[in-house]
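# Fold and geometry: a report
Okay, here's what each chain looks like letter by letter:
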Amino acid sequence: MTAAKRVALAASLAGFGIWGGLALAHDPRGTATPAATATTPATHADSSSSDDNGFFDDSYGSDSSSGLGAAPAGGAQLSTPSAGAQPQARSGAS
Amino acid sequence: MTTIRFSAMGTEIVALVPGSVWDEARGELVRLFGEWESRLSRFRPDSELSQLNRSRGTPRHVSPMLLEAVKVAIAGARATDGAFDPTLGAHIAALGYDRSFTEVAPDAPASPAAHRPGGGWRRIWIDGERRLVMLPRGVHLDLGGLAKGMAVDAGLARLAEIGATPALLSAGGDLAASAPPEGQEPWCVAVDGRYGRRLVALAAGAIATSGIARRRWRQGGEERHHLIDPRTGRPAAGDLWSASVAATSCARAEVAATAAFVLGSARGAGFLASRRLPGLLVDRDGTAHRVAGWPAERQAAAA
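Structural notes, computed from the coordinates. (Residues numbered from 1 in each chain as written. Chains lettered and ligands numbered in written order. Predicted model: local features only at pLDDT ≥ 70, side-chain atom pairs only at ≥ 80, totals over all residues.)

## Here's the deal with the overall build of chain B
Summing up its helical and strand segments, chain B has 7 helices and 18 strands in all. Taken over the C-alpha trace, chain B has a radius of gyration of 19 Å; the compact-globule value for 303 residues is 19 Å, and the two agree within 12%. Along the longest, intermediate and shortest principal axes, the C-alpha atoms of chain B span 55 × 45 × 35 Å. Expressed as a percentage of its 303 residues, the buried residues of chain B come to 55%. For chain B, restricting intrachain contacts to residue pairs at least 6 apart in sequence, the fraction spanning at least 24 positions comes to 62%. (Helix = DSSP H or I, 4+ residues; strand = E, 2+ residues; numbered from the N terminus. Rg over C-alpha atoms; globule rule 2.2 N^0.38 Å. Buried ≥ 20, exposed ≤ 12 C-beta atoms within 10 Å, placed from the backbone. Contact = placed C-beta atoms within 7 Å.)

Here it is in structure tokens:
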């Protein structure tokens, strides 16, 4: 990058609230939202998971713009297969 | 139901869909996975992810897809207190896995690069409104497994949009399924163990497995695998052979399975139980531990 481009970039960064191109872990304008979505994370009933921002709760990121997809009603549902059921898919290391 | 199979994102994509929508479903999935791969592969120099990894501490404008993937990756890292770490791209490349796995040398030469802990995700800067992402110098994203999980979630949603329900979609064994019609049997999934497979029924949701049955190689005479412990920067040396987790989305299941594997059987089980995520943890000796409501399985017939 040329010196002129660096100056131009620094000027544009100033407008974004990034000083000197430093990797800031916060955003002074409040627009940087690491891992945040418009949805309020659900409060998990188990307090031991209260530090995970609700990432594993059904309602987290349930808005259509999230990359987490729409959670099925009732959450993941596992059970013992009936006798005679044949595998239709495989889950394993890939 | 009919089966769709094709290769993308370095693995095999398999979908089960109603036969009436096979053509349209296949076209949609091929296009969708192709886009995810072209944007998020760390093996393609021209991918958006590779360009971001080369940005060397300067903000870069990114697509909505990459922005969302970075957000989810950081959220996953935070939710697992860093046991899932999406910023180990440079680490795993230094270990010899710097190209598509089929091209990785089975016994690569030793690397002079020193092992160092991960945690770079804590210093990533994001401006969501302007779709700007800035990676600190030296921090490289590897969204491999998570990107596959997110693509599966996106693919299943797309199938629902075109009326392809019920459906099951798998990327290399990380899968998600929509609920079958009432009265119909749930999906029957064979989950890999150390020795043999175990059958579980999945009515809806996702299952992902992280393990070392595959993607192993040698470097400088030492055994390597692709699941890196962020605390050491080396391949996780815990007691697990694999960790399978069920969750409401494939991305969540992938994050949880990777974290549980890295944490090992005892801490991994505690982590899953505290999040109420059903899991099957398989030790390297083949002993299986069911956690948080993972059901009793049936053994699959020998393949």
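On we go.
## Some details on the overall build of chain A
Helix and strand counts for chain A come out as 1 helix and 2 strands. Walking chain A from its N terminus toward its C terminus, one meets helices and strands in the order α-β-β. Here chain A holds 94 residues, and 33% of them are scored as buried.

## With respect to the environment of B:D283
All names here are of chain B. Among the secondary structure elements, D283 is positioned in strand β16 (residues 279-283). Of the residues examined, D283 has 17 C-beta atoms within 10 Å and is grouped as partly exposed. Each C-alpha atom of the pair D283 and G264 lies 8.8 Å from the other, and the pair is 19 residues apart in sequence. Residue contacts for D283: discarding those within four places in its chain leaves D239, L240, W241 and S265.

## Side note on helix α1 (residues 22-40) of chain B
All names here are of chain B. Taking 1.5 Å of rise per residue, 19 residues should cover 27 Å, and α1 covers 26 Å from first to last C-alpha, within 8% of that figure. Among all positions in α1, only A25, L29, F33, W36, R39 and L40 are buried. The buried side chains of α1 occupy one side of the element, clustering within an arc of 135 degrees when seen end-on. Those residues of α1 that are exposed and angled more than 90 degrees off the buried face are D23, G27 and R31. Where α1 is buried, its residues meet β1 (2-8), β2 (11-17), α2 (48-53), α3 (64-79) and α5 (144-161). (Expected span 1.5 Å × (residues − 1). Arc of directions from axis to C-beta.)

## Quick look at unusual backbone geometry
Residue and element names in this part refer to chain B. Cis geometry is adopted by the peptide bond preceding P166, which originates at T165 and carries an omega value of -5 degrees. Tracing the backbone shows P166 in the loop between α5 and β7 (168-171). Unlike most non-glycine residues, D81 shows phi in positive territory, near 55 degrees. Take D81: it is sitting in the loop between α3 and α4 (89-94).

## So, the sheet that holds strand β6 (residues 132-134) of chain B
Residues and elements named next belong to chain B. Judged by pairing direction, the sheet is antiparallel, and its 3 strands sit side by side in the order β3-β6-β5 without closing on themselves. In the strand order of this sheet, the two ends are held by β3 (60-61) and β5 (125-127), each with one partner. Relative to β6, β3 runs antiparallel, the two sharing 2 bridges. Counted as the bridge partner of R60 is V133 from β6. (Pairing = 2+ DSSP bridges.)

## Section: the environment of B:E12
Residue and element names in this part refer to chain B. Mapping E12 onto the fold places it in strand β2. The exposure class assigned to E12 is partly exposed, which follows from the 14 C-beta atoms found within 10 Å. Each C-alpha atom of the pair E12 and A171 lies 5.9 Å from the other, and the pair is 159 residues apart in sequence. Sequence-distant contacts of E12, that is, excluding residues within four places in its chain, are made with R5, S7 and G172.

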